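# Fold and geometry: a report
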Amino acid sequence: MSRLADYFVVVGYDHEKEQSGSPYGCGKILQRFPEKDWEDVPFIQGIDLFCQPGGWKLLSKALEPTFFIAVLTDIEAERHYCAVLTFSEAVKMTPTRPDDVEEELEGALVHHTMMFAPKSLVIISRLSYFETLKNCLGLIYTSYIDSLDVPLETLVGNILGHIQVPPANGPQNLLNDTQESVEHEWVRFSIGAGDRQALQPPLSDTLPVTGCKVAVLTQQLGIRNVLCLYSAAITDNKILFHSNSYTRLTEACTALLSLLFPLKYSYVYIPILPAALTEVLSTPTPFIMGVHSSLRNEMAELLDVIIADLDGGCISIPECISLFLPREDILQRSQDHLTLVLNPELKRADLAFPSPVDSNTKAEITDKEIRAIFLRLQAELLMGYRSCLTLIRIHPEPVITFNKGLFMFQRSLVGEEFLSKVLDSMSFAGYVNEKGPPYRVCNIFDKLVANIADTVSQEEGHPERALKNIRDVGDYLFINENPTKTAYLEKIPRPTEGAHTRINQMPFPHLDETLVGDVIEDGLNKAILQSLNQKASKVRHQKAQNVPLGTKISRYEDRMNAINNSARRLEVLKTCIGHIFDNRILDAKKLFPAVLRSLKSRVTRLALVRRLALHVQENRAVLEQQQFDMVVRLINCALQEDSSSEEYSLSMAMLPLITAFCRKLCTGVIQFAYSCTQDHPVWASLRFWETAFYQDVEINIRQLYISECDTKCDSNDTFTESPSNSANGFITSSERSPLEIAAEQLRLWGTRDRDEQDKMVQNEESIVYSQAIHYANRMVCMRVPLDIQRGLKNSIFMDGESGSSKLSSSSVSGSDSYNAESTFESDSNDVSHQVIKFISRFVDKVCTEAGVASEHLKNLHAMIPGMVAMHIETLDAVNRESKRLPPIKKPKILKPSLLPGEEKIMDGLRGYLLPDGREDGIGGVMGGPAYLPAEGAIFLTSYRVIFKGTPIDIQACEQVVTRSFPVSALFKEKKITVGGLANSLHLEQFMQEGLQLRSVTFQLLKIAFDEEVGAERVELFRKMCGRIRYPQSLYQTFAFHGSTVSPLLSVQMKQKEKTATLRKLATKTLARGKKVVTGGSHHKTKLPSRKDRYLLPVEPLVPQRPPSAATLQRQMNAASLDSITVDSRPNSVLYEEEDLSNDDSQMRVRSRAGSYSSDLGFDASPRWGRRSRSQGGSFLSVIEENDVTATLKPIDVLTTDKLQKKLYVQDYQRLGFNISSGMMRPKLGEAFRISEVNIHFEVSRSYPSLVVVPSALSDDSIRRLAKCHRQYRFPAITWRHPGTKALLLRSSGFHGKGMMGRIKSAPNPSTSGSSETSSSKSIEQDKFFTAVVLNTPCGSSYKSDSLVSLNAILPPSMTLEPDSTPHMRRGHSGTLLQRGFHRSSGGKSAPKPGLFDKSLSTLKRVSRNGSVTDYDLASKKDQDPRKAALYIFGEKSQSRAFKMEQFNKCDFIPYDFYETRHVKNSLKKLMKACVPSNLLTDPECGFHKLVEDSEWMVQIQSIMQLAGAAVDLMDLQGSSVMFSFEDGWDFTTQVVSLAQILMDPYYRTLEGFQSLIEKEWLAFGHRFTHRSNQTGAHQASGFAPVFLQFLDSVHQVHSQFPLSFEFNQYFLKMIAYHHVSNRFQTFMLDSEYERFEAATHVFEDKLTSHPGESQDDKGPMRSFWEYINKINNKQPLFYNLAFAPHTSVLRPYTNFSSLRIWDYFRQEDLAGGPSFDRELFELATAEDKEVPLLPSDRRVINNCYDNATQAEPDMHMWLLEEMLQLEGDLGRTPQHWKTRLDRAQKSFPSRVRMKSLSVKIKEAQMQSITAHKKTTIDILVKGKNIIEPQPKGFAAHHHFEAHSYMTPTDCDYCSQLLFGAVKQGCKGMKCSDCGFNAHEDCVPKIPKQCVRKGSTKEPSTGPSRPTSDEVVTAGTPVTPAGVSGYDEFHAKIGETRSHEGYLNKRGARLKGWKQRWFVLDAQKHQLRYYETRNDPHCKGIIDLKEVESVQPAFPTAGAPKKCDESAFFDLKTTRRAYNFVADTKPAAEEWISRIQDCLS
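In this report, we go over the structure that sits alongside the text. (Residues numbered from 1 in each chain as written. Predicted model: local features only at pLDDT ≥ 70, side-chain atom pairs only at ≥ 80, totals over all residues. Heavy atoms only, no water.)

### Topic: the overall build of the chain
Across its full length, the chain carries 57 helices and 49 strands. Out of the 2040 residues belonging to the chain, those deemed buried represent 53%. Pairs at least 24 apart in sequence give 74% of the contacts found in the chain among residues at least 6 apart. Of the accessible surface of the chain, which amounts to about 91,900 Å², a share of 52% is contributed by carbon and sulfur atoms. (Helix = DSSP H or I, 4+ residues; strand = E, 2+ residues; numbered from the N terminus. Buried < 20%, exposed > 50% of the residue type's maximum accessible area, 1.4 Å probe, protein only. Contact = heavy atoms within 4.5 Å. Areas by Shrake-Rupley, 256 points an atom, 1.4 Å probe, with all protein chains shown as cover.)

Pasting the structure below:
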């Protein structure tokens, strides 16, 4: 019998602590009964917090009484239920006035004179009779409020002392003394208030009592949410309920716990959490809690808590939580069953004549049926768990552990996350500890889990049968809660209605403690007397019984044997093992590789164990040397495949075999197999040793008792004698299981006498003790290495690896007390100490769990050090003798072939080439022999890293495997762990050292070094690779091998390398300290004068023409440098005219990034009389571009004759520039000339010495013009269209000051001279662009037909007539494609009119080659409104540099390109995709997905599209195009080069392509040394594949137009390989200037020969082109035999479906290595060419081994060789192969037919041109939309008219094609106002979004950077169909401004505050910000779909002054947190409200 209530407490409002300042108030305990604690139940403190969870507050009116149950947990994890009834009690308050009220407010009162304070009556009970506790408290309140004639003391005393509750299954009325049947009765009682109450205990106290709580929870949240909560609770996640009802919180938490049955929740459980304790929510442990919904703000910061809203019926799972659910079939079955129970009408909903069904199902019945479903779910999860229980002890108490690995493996659920977490939880560990014993009282779950397999199989396809079984379980649960069949009518008086509103109600009286105590004492005495009455207190207890085992899970072996079809494989294994033990080694070796491969199968591994065990039983364990080696390899291979997630049965079975097999080394020295199998991680796992130990203990315990049973059962054959146990511990079904034996022993335990019991306990303990000693010996053998000096070969997993129950006892030796007593002491890092500690921990844990006596445990710990020391001594002799064994015969190291001049740096390091992520070469699914892994050696030479060896596969061992790459192409090297790889690849030895080398030639070397190669040699190899990869000087590379460097250059290089890093650091440091003046500021930082900064040479280094008088005057006026402003773009510097003058003192000022000086690699230290700048400066300036000390001094180096032989100069002549004599002086009337302005690299060191410029500009003008561009790379003409005479120009990006005049301060006398010079510099820009415009005919009569002209496909909304929008013409001079420049003039808005007119008049008199004469540029009435004569493509950041007021024939198009950092990251991802280090096993992360994620193809597409735009503009429209990106040497070079290839067929020949690279990449200064990291100074910058991207772009064009290129793709691969190989000097150094310098200082003694002469054959070839020509003269290796040019201009498709992944990235050639070093490749394949192939010969080619393109028979090559042989036979002089080929091709009629194209081909070409033009228009339109403010207005209706489309056009609504042939029967409709195109069917669906002519509606701007989906490809519509979200409607939906205003925003990097104009767009779900209100250019966009929260914030450091401290707020997104501050607090609140409205 138990007390109903333990304590009664009265808690009231604490008026004394009212002024404490707590926001939740305080309560205090007024009275408690009994006053002294019970001995068995101590009183719980802090109960006042739970009486008022929301806080103790005074109210102005009385509230109705409330009741709820709070649950408290004591220190012993026992739960106490606090029933709380709260009512309001009147309190008289004295009026008070706050301190902050003014004196005049005398009448202000804070409190009313009458307030109401809460008071709570609390009953604390350990029993969960919630309704009874509620009735008792209600009776006390009723007696008080209605003044019943009953003392309250009597009621309280009766509740505490008189009400005794019987235990579960009682009270019972036995029908008779002999019958077992009973009748359950009600427990009837009364507390003396005229009441009549009753309660009934459940039948079982282990089953939860829920009433209808589970049904209510399911109704509140729904089926899916309840299943999610169940999964979260059982997997130990944090769960938080919130509701407005405290009762609902308690019921929900109780219901959730009941669903977990039979598991008990072991973590924090607080159904009602007080508001004062909300910090508990931050606990790191799992919990189930509930809070009031008023505290939902406290939940916002809980990022790892699953929140359930009971009132709203939803749950929220944070993104950081991975909620695992049960297996799909189990989850779906449970969900279907819940639907059957909760929605029974669903199955009849579709019936025509449904039968009437009684739907009045009680909530209690539904509740039990839901619980039954979850109980079945638990049974399905734990099905068969008892077969995986391991018995350790039976007596005196059962000790049982659970083998999780065996359970997961037997059920084939290895890797199932949900079940794994359930089994690892504390709840399951407690369940095993409590319910593991096989003999106990059983409950319904034991029966369910035993029969669940059969039940589920019978219910398959029979839902009605499943529903019946569910109802049966539900009925059982219902009867458990309601055992009494008869009803009982209770009488509970209730208070008078409205009694709580009485005003004069007396306070709750103070109870008499003595009276209450007497009543309690009287009740206790009666309870004692009642307990003596046996008949009254008799309760039938449930009997213990054997726990049913249920259906046993079939073993893996049994299932595999049923379906196994590998009989042949097992036969091979049996034969091979027989050969080994018969000592027929040769026969065994033939089968050995097949056996090793077959060991991947578990069946084969188990068969291996059995075969080896048979030989051990036959006493054949002592082996010969080779036998021992082969057996050890088999064991190692089998162990390698064994996984720790399995049951460790294989490893456990191997243990006795490993300690049995041995070989005799010499007399008295025997080596066992364990010394060669110690390297597997399984031996270092504590979980394995525990599992194996427990398994063996269970076997011995079973043997102990089964022999006794057999002795007693000799008379019958019930139990047969058990056979010998298998090695893995499995017991067949015919034997009695250990649990069955244990159940029998537990049943008989009470019948044995004490001596017999003690004997059994001692026997079991001795078994555990002996097994502990045995396993300690085994662990010593497996953990102590053979060579102790080399240390442990795998780590020891000592923490968190226990496989036993987690409820282990305290550790006896946890403090190492036993280790301290040991006499064996060593250093902590010593191997022996680690082994001792590992074994001691194991022994301590298992012996403590098994109940071994402490004395025995001390003896064990004392033994371990001696065992380890003895074993180390034994192994020392074994190790010594094993080294004397003859070494394993290893294959001979193959020497690689070397190039002339190539030297070995390191001899070959023996090792294995391991397979990587490429499937080629490993056989398997790809077919062919397994070439990898290969055994050989890796070599390091001055040029390459080479591996050469032979495959270890016997089928391919006769072939040679070679893999190499240039050491200069090394991208990344790292050490790798190869121990596991070596075992998995069946290598004969264990290797520790491994190295992975990845190169930018897309090769990967994974090397596992042989054990003979020490770690020191491997580290030396790594260092040497790094030293050769990054030499100190460029002249130490292989390309300069054998060259002599002049002493002057050597000294300069040393000084440069020493100061490179220091200068870079100093520049960055000082640049940060400099205050950069922005455009609108009037303050400037005064810098020292140029005289203080530099001292220039007094005489020029090279002869110069005499300067003009104006030049001398400017030099005299320029007295000092003005301020230097850094552009917003990195690596860019802004200059003014006064910054740098025109004489020899021109210099470069390093930008803040400070990278150019180190990148170019020249010494910038002051020499030759120069003085460094003064120490007082704030900015570090370095002479770089015009470093006069480094300028070439010998004048004979740069002569006109030598420069004329340059390929790029010859290309200028081919294009028609200065063809006549006098190359440098243009003839009268010529528009362009080749200028010598940079002949001595004075203007720009990165430009060629000769450049083409307009003739109208003098050299001095060019010098001034260069200062407007970064790196002084002024605009230069590189190509001219032969038909349209349009020009292609290139330059670097513009400087903001020189181009825009951004500093427009007021006139200042001190800067007047500067303004004049700045104005003159701006005029030079005007002159240059005016000259280009005047000499561009602009295609006025060229290709003007409607299908070919570029404007034919222009959208109608963009084709504006000159007089269509007069108001726009007044505001903006020009239309969308007609724009001009905004010119600056020293701070004024426009230049002087006279200067501009004069420049025009001068230029108009100049006649132009191929251009229109007398072209009046200033006149606007004759201009084409849709064309521009010059299009300038540049960066978006330069868009502000242009206005549309001055030039009406120039247009600037911003273009978002990928910067170099993006290209670098893309290369890294591309290499991981094409050359992965491991096989790609994730199906969602395949090869094409990785290539897509790299964005490589998107970047290639971007290059091709922009080059295609240049083609259309120049070829179709006749406009000139200029590219001005970044510094002009990366992206600009890519686009310009590709555009010339597309337009000029000459560049598609071998000679032309060479000329193009020489001109655009070498002469114009692409930084090959810097981008390829050719020296150590450039190592930190990272490899940038800029040139490789260009070659890939050419490859894409070549793939689409294979007949238009004279060279083949192998030629492109050759260039791609050797531009990073450093074999040739062609692709080295960063500019022509540096190459002239190298030619002067390095090859002084070898420059006597001309470039055409041959070099010494003994030295390396210096020129790549010479090498190509040499090969090309011998054979047509690079010639495209299908070359048949028929199109002058190429227009490739750029959509992704037309782009291909270059096979250069994935090509593999293991036969001879890369074929790009032809000498080496021919040597490697010489054997195959010894016998020439005949046409009839056949040969097998493996794509990964052979070079397929070289090895495949080529009829053309064969015929050419045959012709050569015939010419020799006839005695004729051999002709060049090209001559023979040309002569033979003349007879091919197909070549002639190609010239006459069919009509269909012409139509296809026309459609291709149209689609290509559409892409160009999209680029132009998109670029203009970025920078152009559009008119604003309102939307209107469309005016659609029928329209016939002659070109491919898309519907702007459905994005489908409008072209007639594609869309039959659908007329096209076009809006006459805005040009909206649509199908006739789509017109009714189109919204009212028309933007009419002259309208003021502003369309939205597109995204700032094109993505893979945004990039418009050829033939695709303007609006990409792939764009998702609001971006899809950027051309159709206008901008909406829900809210706008100024806000101060904090920067992300520098944390500076800046004011921005913010616009909230609710329609697009965006928050955009601009610099100013009228700024049309969006600076950034915050996507509201990424916003997580927006809330007020506290002021932060550095915030703007004079701002309201309460106006701060934070906006948190998934990417970052934004900090804002508004002007006022209301403004901030308005912003927060508006943003939250958009979020909701």
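### A word on the sheet that holds strand β26 (residues 944-951)
Taken in spatial order, the seven strands of this open sheet run β27-β26-β25-β24-β30-β29-β28, and their pairing is antiparallel. The open sheet has two free edges, formed respectively by β27 (961-966) and β28 (970-975), since each of these has just one partner strand. Direction aside, the axes of adjacent strands within the sheet are offset by 25° on average. In terms of strand pairing, strand β24 (residues 904-913) meets strand β30 (residues 1004-1009) through three bridges, oriented antiparallel. Residue pairing for β30: Y912 is matched across the bridge by A1008. (Pairing = 2+ DSSP bridges. Axes fitted to C-alpha atoms, helices over the stretch in contact; angles between N-to-C directions.)

### Overview of the packing of aromatic side chains
For the coordinates displayed, the defined rule picks out 76 aromatic pairs. Seen in terms of ring centroids, Y385 and Y431 are 5.7 Å apart; in terms of plane orientation they differ by 50°. Their pairing is tilted. On the criterion of sequence distance, the pair formed by Y385 in the loop between α8 (363-381) and β17 (389-393) and Y431 in helix α11 (residues 426-435) is long-range, its members being 46 residues apart. Each member of the pair, Y385 together with Y431, is buried. With 6.2 Å between their ring centres and 40° between their planes, W683 and W689 make a pair best called tilted. (Phe/Tyr/Trp six-rings, centres within 6.5 Å; stacked < 30°, edge-to-face > 60°.)

### Notes on the packing of helix α5 (residues 223-234) against helix α7 (residues 328-342)
Between α5 and α7, whose axes approach to 10 Å, the crossing angle comes to 135°. Relative to α7, the element α5 lies oblique. The interaxial crossing formed by α5 with α7 has right-handed handedness. Together, I223, R224 and L227 of α5 and L331, Q335, L338, T339 and L342 of α7 make up the contact between the two elements. (Parallel < 35°, antiparallel > 145°, perpendicular 65-115°, else oblique. Left-handed = near helix turned anticlockwise from the far one by under 90°.)

### Some thoughts on the pairing of strand β23 (residues 669-672)
Strand residues, when the strand is regular, have side chains that alternate between the two faces of the sheet. Only one face of β23 is buried, namely the one carrying V669 and Q671, since none of I670 and F672 on the opposite face is buried. Sheet analysis places strand β22 (residues 662-666) next to β23, joined by four bridges and oriented antiparallel. Note on β23: the bridge partner recorded for R663 is Q671. Hairpin connection from β22 to β23: two residues lie between these consecutive antiparallel strands, with G668 at a positive phi of about 85°.

### As for the pattern of salt bridges
Taken as a whole and assessed by the stated rule, the structure comprises 61 salt bridges. Across the salt bridge formed by D424 and K404, the nearest N and O atoms sit 2.8 Å from each other. Taken together, the residues span a long stretch of sequence, with D424 in helix α10 (residues 417-424) and K404 in helix α9 (residues 404-410) at a distance of 20 residues. The partly exposed category is assigned to D424, whose relative accessible area is 32%. Counted as one network, the salt bridges with shared partners bring together D1211, R1214, R1290, D1544, K1559 and E1560. (Salt bridge = Lys/Arg side-chain N within 4 Å of Asp/Glu carboxyl O.)

### A few points about the packing of helix α45 (residues 1550-1563) against helix α50 (residues 1664-1674)
Running from N to C, α45 and α50 point in directions that differ by 175°, and their axes come no closer than 12 Å. Here α50 runs roughly antiparallel to α45, going by the angle between their axes. For the pair α45 and α50, the contacting residues are L1550, Q1554, I1557 and E1558 in the first and W1665, N1669 and N1672 in the second. Considered class by class, the residues forming the contact of α45 with α50 number three nonpolar, three polar and one charged. (Nonpolar A, V, L, I, M, F, W, Y, C, P; charged D, E, K, R; others polar.)

### Regarding the sheet that holds strand β47 (residues 1987-1992)
Taken together, the seven strands give an open sheet; going across it, the order is β46-β45-β44-β43-β49-β48-β47, and neighbouring strands pair in antiparallel fashion. Bordering the open sheet on either side are β46 (1980-1983) and β47, each of which pairs with just one other strand. Averaged over all pairs of adjacent strands, the angle between strand axes in this sheet comes to 30°, irrespective of strand direction. Sheet topology note: the strand β45 (residues 1966-1970)/β46 ladder contains four bridges and is antiparallel. Across the sheet, residue L1967 finds its bridge partner in β46, namely I1982. Against the sheet, helix α57 (residues 2025-2039) engages β43 (1939-1946), β44 (1953-1961), β45, β47 and β48 (2008-2013), with an angle of about 155° to β47.

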